[in-house]
Structure formats: C-alpha cells, structure tokens
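Chains, contacts and geometry: an overview
The lines below spell out each chain.
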Amino acid sequence: MLHTLRHSPWQCDIATLLRTMQEGDDLLLLSDGVAAAVKGSRYLDLLLAAPISVYALQEDVDARGLSGQISNSVVLVSYTDFVSLTVKHAAQIAW
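In this report, we go over the structure that sits alongside the text. Values in this document were obtained by computation on a predicted structure and should not be read as measured data.

1. Details of the overall build of the protein
- Looking only at helices and strands, one finds 4 helices and 5 strands in the protein.
- Taken over C-alpha atoms, the radius of gyration comes to 12 Å for the protein, in line with the 12 Å a tight globule of 95 residues would show.
- When its C-alpha atoms are laid out on the principal axes, the protein stretches across 30 × 30 × 20 Å.
- Counting across all 95 residues of the protein, residues that qualify as buried make up 44%.

2. Comments concerning the packing of aromatic side chains
- Across all of its chains, the model carries 1 aromatic pair by this definition.
- Centre to centre, the rings of Trp10 and Tyr43 are 5.3 Å apart; their planes meet at 85 degrees, and the pair counts as edge-to-face. Placement of Trp10 in the loop between strand 1 (2-5) and helix 1 (14-20) and of Tyr43 in helix 2 (residues 42-49) is noted, with a sequence separation of 33 residues between them.

3. Observations concerning unusual backbone geometry
- Notably, Ser31 is not glycine yet its phi reads approximately 45 degrees, a positive angle.
- Position of Ser31 among the secondary structure elements: in the loop between strand 2 (26-29) and helix 2.
- A residue is classified by how much of its surface remains accessible, and Ser31, at 22% relative accessible area, is partly exposed.

Criteria and cut-off values
Residues numbered from 1 in each chain as written. Predicted model: local features only at pLDDT ≥ 70, side-chain atom pairs only at ≥ 80, totals over all residues. Heavy atoms only, no water. Helix = DSSP H or I, 4+ residues; strand = E, 2+ residues; numbered from the N terminus. Rg over C-alpha atoms; globule rule 2.2 N^0.38 Å. Buried < 20%, exposed > 50% of the residue type's maximum accessible area, 1.4 Å probe, protein only. Phe/Tyr/Trp six-rings, centres within 6.5 Å; stacked < 30°, edge-to-face > 60°.

As structure tokens, then:
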C-alpha cells in the first residue's frame, strides 16, 4: 500500500499512521509532510524503524528550503517517480 503524508508531522497522528503500515508498504512525504524527513527528527527515527520505504517529493523539499537537511535514508523522488509509486500500489491512503 502507498501512504502519502501531506501534513506536518506535528499535525498528524504518526502513531496511527505507523500502526496501519505493514511490511513492504511505501510512504511518500508531500507538501508539509517532507518535514518528517529532516535529519535528527524524532519523526524520522520512527519512520525509519518501520519496515517500510520512505520517499519525499524533491519539489516539495526544495520549495520549503530543506534540501540540505533531508536524511540520506529518505529517497528523493520526482513527480514521475510519484506516478510509478501509485502504479506499483493498487491501494493508497492519504494522511
């Protein structure tokens, strides 16, 4: 399943998001959700401990001036990659 997080991690129930994710799921951080990918963030530590892959939309990272602050453990993707993730997963949940 593809999960997309558009809201700031401070305004989202990360615990519930993590409970619904299963091994092999992907999480794409969009809009203000890219803040969860900042190095040293407690939210990033929680996401990386889950059995999922974490992606962030490069355009949204750049728009928020976070380019140099994103963890190397998070895969930065383009809109084309976003489309590929939606094709890969038949189901999607937006957070």
